[in-house]
Amino acid sequence: MATAANEKTGTGKKLIQDILTSQGPIEVRAPHGTELVTRGWVQEAALRMLLNNLDPDVAERPEDLVVYGGSGKAARNWPCFKAIVKALTELENDETLLVQSGKPVGIFKSHSNAPRVLIANSNLVGHWATWEHFRELDKKGLIMFGQMTAGSWIYIGTQGILQGTYETFAALARKHFGGSLKGRIVVTAGLGGMGGAQPLAITMNGGVAVCIEMDKTRIQRRLDTKYLDVCADSLAQALEMAKEAKAEGKAISIGIHGNAADVLPRMLAMGFLPDALTDQTSAHDPLNGYLPLDEAGAPVEMADALLLRKDDPTRYLELADKSIVKHVETMLAFQKAGVVTFDYGNNIRQEAFNHGLKNAFDFPGFVPAYIRPLFCEGKGPFRWAALSGDPKDIEVIDQAILDNFADNVDLCRWIKLAGEKVKFQGLPARICWLGYGDRAKMGLIMNDLVAKGKVKAPIVIGRDHLDSGSVASPNRETEAMKDGSDAIADWVYLNAMINAVGGASWVSLHHGGGVGMGYSLHSGQVIVADGTPEAAVRLQRVLTTDPGMGVIRHIDAGYDEAIEFGKTSDIRVPMQEI
């Protein structure tokens, strides 16, 4: 892959020239500083976040435009990427770019408060919403898989899922272990773009993490970025280290190179029972995300697996499906032995169920088990990035949170821990879980910091699609809804539409993120705080309605927590007014 001319702290003019004249894959990083290569800060934000998604320090396979999740891409192909970059550099402040599955397909006049970009990724009509049909279209170059924040240009590296993972393990600790994971061992698998947050989230909660990963480069990346503490030389060594740390009450994360479908049964046979067990391999995409065992039940080496995936995808899928069944069977065996076991949103239960394991859903998903009470208050993953590229801008915002939310002990603890432990990937960024009211408050604080020059450039504000009112995913975010509305996706479209009319900077509508084709629909929004009064109005609108969708979604489903929260807010629910 060719290397573009910009350095990590460089400007963007030469980079754009290199991109537009390139003939194939090119290494890119987001420009830093205040020099624009576009016609406005909103367009500049979209361009920089697109490039940031493909920063080698951020993306899993940037040469293939894959950001995370096995196959989640930022653009359909390199010609489409070039066309998007060109369009963003020329886009006027009253125009909107339309992107269809990673391909720019049109630019229309809109108005200054309209989104500058509208994105739709991977959307298929219900009957045809399968991996098989998607792959046929993908081979023809007609579609791409956008995951959640890959194709919506707001991925910030592993930190993007870190606090959600932290909150999940904190809830696990409160529910089962007296409020802390100290002296507890959690076993999991997958150290990719999403799963890589697990080791640090567990140790931040005081626990011992044992993390299985087949890709040595992913293990090394987590070691390099301080998300993982050590890598054991063998399973026996890893378990011995874990037992010692548990006895000492020491927080440590331990990596193991291996295949979970092989390692977990060996753990069980050894009589080793952790306190909790989950999984974040990319099982939602068995072809591109999950590494199988061979016919004899032995792990397939990475190089051999990649070759088989290319040469005989049908055989690869047969092996992967068989391995996933074995993987989930072992998780069920651990659960039966008394280990707290839960699905961490990768659809591994459904894949096992589809291939004959009828009790695959005997252990719960993480949202109904631990997260839904937060959703009832519109709380979810609120993130921002400093377009200046200066980490000091994040420090300024961290301090503003500590000053303005001092009564929120958990939030302030998180911000302090993140400042101490999180290494930035690409543009400096931060995430925290905020809910209705607090998101708008924080957005206005950021805009004021830009206006007063306390930070050096505008701040881009977004979120994961895994949010309280922006996703329909019956095996994850909307699993086991109180009123049975798990599969109703109207809320996703309402979320996208209200954010668009409210003035979000770019809005996206995706299918299949997190759990695979046919199992989810979800929307995202990003908004730029550029320090102007006009931005303040847009921020107030969008950062109110976006989490507000989560509150009304759960009010409508009959959750008492949401109903009570709604009564204390200014949210209007017509059915409660008659």
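Preceding this section is the structure that the text describes.
As the structure is a computational prediction, the values presented were derived from the model and not from experiment.

1. So, the overall build of the chain
A tally of regular secondary structure across the chain gives 19 helices and 19 strands. Taken over the C-alpha atoms alone, the chain extends approximately 65 × 55 × 45 Å along its principal axes. Sorting the 578 residues of the chain into buried and exposed places 62% on the buried side. In the chain, 70% of the contacts between residues at least 6 apart in sequence involve partners at least 24 apart. In the structure as shown, the chain presents an accessible area of about 21,200 Å², 53% of it carried by carbon and sulfur atoms. Measuring between centres, the 60 positive side-chain charges of the chain sit 2 Å from its 69 negative side-chain charges.

2. Re the packing of helix α5 (residues 159–176) against helix α15 (residues 409–421)
Packing of α5 against α15 leaves a shortest axis separation of 12 Å and a crossing angle of 130°. Comparing the axis directions of α5 and α15 gives the class oblique. In terms of crossing hand, the pair formed by α5 and α15 is right-handed. Along its contact with α5, which presents Leu162, Gln163 and Tyr166, the element α15 presents Arg413, Trp414 and Leu417. Residue composition of the contact of α5 with α15, by class: four nonpolar, one polar and one charged.

3. Here we look at the environment of Gly469
Relative to the elements of secondary structure, Gly469 occurs in the loop between β16 (459–463) and β17 (471–472). Note on Gly469: relative accessible area 3%, which makes it buried.

4. Observations concerning helix α11 (residues 313–336)
Along its 24 residues, α11 runs 34 Å from first to last C-alpha, staying within 8% of the 34 Å computed at 1.5 Å per residue. Looking one or two residues beyond α11, the residue adopting positive phi is Gly338, at roughly 105°.

5. What about the pairing of strand β8 (residues 185–189)?
For β8, a buried count of five out of five residues is recorded, marking the element as mostly surrounded by other parts of the structure. Neither face of β8 is left uncovered, since the one carrying Ile185, Val187 and Ala189 and the one carrying Val186 and Thr188 both have all their residues buried. Relative to strand β9 (residues 208–213), β8 runs parallel, the two being bridged by five bridges. Residue pairing across strands places Thr188 opposite Cys211, the latter belonging to β9. Note that β8 and strand β12 (residues 276–277) share two bridges and pair parallel. Bridging across to β12, Val186 finds its partner in Ala276.

6. A word on a nonpolar patch on the surface
A surface patch of nonpolar side chains, about 290 Å² in accessible area, is lined by Tyr493, Leu494 and Met497. With respect to the element layout, Leu494 can be found in helix α17 (residues 490–502). Since its relative accessible area comes to 40%, Leu494 is described here as partly exposed.

7. Considering the packing of aromatic side chains
Within this structure, the stated rule accounts for 15 aromatic pairs. Summarising the aromatic geometry, the rings of Trp131 and Phe134 are spaced 5.6 Å apart at their centres and angled 85° between planes, so their arrangement reads as edge-to-face. In this pair, Trp131 and Phe134 are both assigned in helix α4 (residues 131–139), three residues apart and thus about one turn of the helix distant. Per residue, the accessibility class of Trp131 equals that of Phe134, and both read buried. Taking 6.4 Å as the distance between ring centres and 90° as the angle between the ring planes, the aromatic pair formed by Tyr436 and Phe565 counts as edge-to-face.

8. Let's talk about the pattern of salt bridges
Where side chains of opposite charge bring their charged atoms close, a pairing between them can arise. Using the criterion set out here, one finds 32 salt bridges in the structure. As a salt-bridge pair, Lys86 and Glu90 come within 2.9 Å of each other at their nearest N and O atoms. Pair noted here: Lys86 and Glu90 are both in helix α3 (residues 78–90), with a separation of four residues, about one helical turn. We note a salt bridge from Arg430 to Asp398, for which the minimum N-O separation is 2.8 Å. Of the two residues, Arg430 sits in strand β15 (residues 429–434) while Asp398 sits in helix α14 (residues 391–404), which places them 32 residues apart along the sequence.

9. Considerations on the nonpolar core
Of all hydrophobic cores here, the largest spans 123 residues; its most connected members are Phe81, Trp153 and Trp506. Top element by residues in this core is helix α2 (residues 41–53). It accounts for eight residues. Not counting chain neighbours up to four residues away, the residues in contact with Phe81 comprise Ile19, Val28, Leu50, Leu51, Leu54, Leu65 and Ala75. Counting residues in hydrophobic clusters, the runner-up holds 45 residues, among them Ala189, Leu239, Leu317 and Val325.

10. Some details on the pairing of strand β6 (residues 103–109)
Where strand β5 (residues 95–100) meets β6, six bridges bridge the pair, whose relative direction is antiparallel. Considered in β6, the bridge of Leu98 is made with Gly106. Joining the antiparallel neighbours β5 and β6 is a turn of two residues, in which Ser101 adopts a positive phi near 45°.

11. Quick look at unusual backbone geometry
In this structure, Leu65 takes a positive phi of about 65° despite not being glycine. With respect to the element layout, Leu65 can be found in the loop between α2 and β3 (66–68).

12. A look at the environment of Gly160
Following the sequence through the fold, Gly160 ends up in helix α5. Note: C-alpha distance between Gly160 and Ala197 (37 residues apart in sequence) is 8.5 Å.

13. Re the sheet that holds β9
Read across the open sheet, the six strands follow the order β10-β11-β9-β8-β12-β13; overall the sheet is parallel. Strands at the two margins of the open sheet, each flanked by one partner only, are β10 (230–231) and β13 (340–341). Taken together, the two bridges between β12 and β13 define a ladder with parallel strand orientation. Bridging from a neighbouring strand, Leu277 pairs with Thr341 of β13. Its contacts with the sheet put helix α9 (residues 260–269) on β8, β9, β11 (252–257) and β12, and the angle it makes with β9 is roughly 135°.

14. Let's talk about α4
When we look at burial in α4, the residues that qualify are Trp131, Phe134, Arg135 and Leu137. Viewed end-on, α4 has its buried residues packed into an arc of 165°, placing them on one side of the element. When the buried face of α4 is taken as reference, the exposed residues oriented beyond 90 degrees from it are Glu132 and Lys139. For α4, the elements touching its buried residues are α11.

Cut-off values and rules
Residues numbered from 1 in each chain as written. Predicted model: local features only at pLDDT ≥ 70, side-chain atom pairs only at ≥ 80, totals over all residues. Heavy atoms only, no water. Helix = DSSP H or I, 4+ residues; strand = E, 2+ residues; numbered from the N terminus. Buried < 20%, exposed > 50% of the residue type's maximum accessible area, 1.4 Å probe, protein only. Contact = heavy atoms within 4.5 Å. Areas by Shrake-Rupley, 256 points an atom, 1.4 Å probe, with all protein chains shown as cover. Lys, Arg positive; Asp, Glu negative; His and termini not counted. Charge placed at Lys NZ, Arg CZ, Asp CG, Glu CD. Axes fitted to C-alpha atoms, helices over the stretch in contact; angles between N-to-C directions. Parallel < 35°, antiparallel > 145°, perpendicular 65-115°, else oblique. Left-handed = near helix turned anticlockwise from the far one by under 90°. Nonpolar A, V, L, I, M, F, W, Y, C, P; charged D, E, K, R; others polar. Expected span 1.5 Å × (residues − 1). Pairing = 2+ DSSP bridges. Patch = residues over 30% accessible without salt bridge, like charges linked within 9 Å, V, L, I, M, F, W, Y side chains within 5 Å. Salt bridge = Lys/Arg side-chain N within 4 Å of Asp/Glu carboxyl O. Phe/Tyr/Trp six-rings, centres within 6.5 Å; stacked < 30°, edge-to-face > 60°. Core = buried A, V, L, I, M, F, W, Y, C linked by side-chain atoms within 4.5 Å. Arc of directions from axis to C-beta.

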